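Chain and residue survey
Each chain, letter by letter, is given below.
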Amino acid sequence: MLDVEHLCFRYPGQSEGWEYHFSLAPGRCVAVHGASGSGKTTLLNLIAGFLAPDSGQILWNGRPIQHLEPWNRPVTSVFQEHNLFEHLDVATNIGLGLHPGLKLTAHQKQSINEGLERTGLSGFGSRMPGDLSGGQRQRVALVRAILRRQPLLLLDEPLTGLDNEAKDSLRAMLKEEKARGVALILASHDEDDRKLLADFYWNL
Ligand SMILES: Nc1ncnc2c1ncn2[C@@H]1O[C@H](COP(=O)(O)OP(=O)(O)OP(=O)(O)O)[C@@H](O)[C@H]1O
């Protein structure tokens, strides 16, 4: 269970900031809704640990996590910029999300291949990120995030720019994650994504 309690944040030099307050149960999806610039990405960055709040708490199952480093939080994220390691091939990029030392079990290796297959990227494991299209990179980032199997998945415009076939496949994967009990926070301008995945809306 995620509880975001009176989480306040203001960018240095700005006169106004945000106060976020909501809860999210396992297996549920909240769509964060608001105009461009309303603070959706800021919220995701605070929960992921890429920004530090001025005050307030982020609780996971009652335990404060706002002081933890990003990699120690029960969170995985897919942001607009996909943050793939350019010097590592696709399979290694995904594998690093599963084990920092790349000590992967046979099952994990198989799940990487299955993830690539399901997203239309069969045989792409040895490709370098620089040789992929924007949509293909996005799919790799999503496969990596999903396979990390964290209980909270943060999604910032996850399906923007993908073709319909890729969108359908990834939406199905995200629905499966929900059914497995993963909680999703979705920032998306896409009404179809929100309708399909979100259980409730949170307006900024
Ligand atoms: N590092 C920063 N320093 C100062 N202001 C910032 C910084 N990053 C973002 N902002 C401002 O904070 C506001 C919220 O940004 P944020 O990226 O959270 O919006 P958003 O709702 O995700 O927008 P979009 O839908 O366009 O992605 C914007 O006005 C943005 O210009």
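Criteria and cut-off values
Residues numbered from 1 in each chain as written. Predicted model: local features only at pLDDT ≥ 70, side-chain atom pairs only at ≥ 80, totals over all residues. Near = placed C-beta within 6 Å. Nonpolar A, V, L, I, M, F, W, Y, C, P; charged D, E, K, R; others polar. Buried ≥ 20, exposed ≤ 12 C-beta atoms within 10 Å, placed from the backbone. Helix = DSSP H or I, 4+ residues; strand = E, 2+ residues; numbered from the N terminus. Arc of directions from axis to C-beta. Axes fitted to C-alpha atoms, helices over the stretch in contact; angles between N-to-C directions. Parallel < 35°, antiparallel > 145°, perpendicular 65-115°, else oblique. Left-handed = near helix turned anticlockwise from the far one by under 90°. Contact = placed C-beta atoms within 7 Å. Pairing = 2+ DSSP bridges. Core = buried A, V, L, I, M, F, W, Y, C linked by C-beta atoms within 7 Å. Domains from an automatic or database assignment.

Under an unreviewed UniProt entry, the name given to the protein chain is Thiamine import ATP-binding protein ThiQ, and the source organism is Marinobacter litoralis.

In this section: the site of the ligand. Taken together, Tyr11, Gln14, Gly34, Ser36, Gly37, Ser38, Gly39, Lys40, Thr41 and Thr42 make up the full set of residues adjacent to the ligand. When its residues are assigned to classes, the shell around the ligand shows 1 nonpolar, 8 polar and 1 charged.

So, on to helix α1 (residues 40–48). For α1, the full list of buried residues reads Lys40, Leu43, Leu44, Leu46 and Ile47. All buried residues of α1 lie within an arc of 160° about the axis, which places them on one face of the element. Two residues or fewer past α1, glycine 49 is found with a positive phi of approximately 95°.

Another aspect to go through is the packing of helix α4 (residues 134–147) against helix α5 (residues 164–179). In contact at an axis separation of 12 Å, α4 and α5 are set at 10° when each is read in the N-to-C sense. Between α4 and α5, the angle is such that the two are roughly parallel. Crossing of α4 over α5 shows left-handed handedness. Together, Gly135, Arg139, Leu142 and Ile146 of α4 and Ala166, Leu170, Met173 and Glu177 of α5 make up the contact between the two elements. Considered class by class, the residues forming the contact of α4 with α5 number 5 nonpolar, 1 polar and 2 charged.

Read from one edge of the open sheet, 5 strands run β6-β7-β8-β3-β9, paired in parallel fashion. Each of the sheet's edge strands pairs with one partner strand only, and the pair in question is β6 (75–78) and β9 (200–203). Within the sheet, the average angular offset between the axes of one strand and its neighbour, ignoring direction, is 20°. Strand direction decides the pairing type here: strand β3 (residues 29–33) and β9, joined by 4 bridges, are parallel. Note that in β9 the partner of valine 32 across the bridge is tryptophan 202.

Once that is clear, we can look at the environment of leucine 84. With respect to the helices, strands and loops of the structure, leucine 84 is situated in the loop between β6 and α2 (90–98). On a C-alpha basis, the gap between leucine 84 and aspartate 131 in space is 12 Å, while along the polypeptide they are 47 residues apart. Those residues within four positions of leucine 84 in sequence are excluded, and the remaining contacts are Asn93, Pro129, Arg137, Val140 and Ala141.

Before going further, it helps to examine the nonpolar core. Counting 43 residues, the largest nonpolar core has Ile47, Leu154, Leu155, Leu184, Ile185 and Leu186 as the members making the most contacts within it. Looking at this core, the element that brings in the most residues is α4, giving 6 residues. Looking at this core, you find at least three residues from each of domain 1 (1–74 + 153–204) and domain 2 (83–149). Apart from residues lying up to four places away in sequence, leucine 186 is in contact with Cys29, Ala31, Val32, Leu155, Asp193, Arg194, Leu197 and Ala198.

In the Ramachandran plot, histidine 6 falls in the positive-phi region, its phi being about 45° despite a non-glycine side chain. Structurally, histidine 6 is set in strand β1 (residues 2–9). Exposure remark for histidine 6: the 11 C-beta atoms within 10 Å place this residue in the exposed category. Positive phi values are uncommon outside glycine, yet glutamate 157 reaches one of about 50°. Among the secondary structure elements, glutamate 157 is positioned in the loop between β7 (152–156) and α5.

Structurally, the protein chain comprises domain 1 (1–74 + 153–204) and domain 2 (83–149). The centre of domain 1, based on its C-alpha atoms, is set 23 Å off from the matching centre of domain 2. Facing the 11 residues of domain 1 at the interface are 10 residues of domain 2. No other element matches the 6 residues that α5 contributes to the side of domain 1 that touches domain 2. Here the residues of the side of domain 1 that touches domain 2 are counted per class, giving 6 nonpolar, 2 polar and 3 charged.

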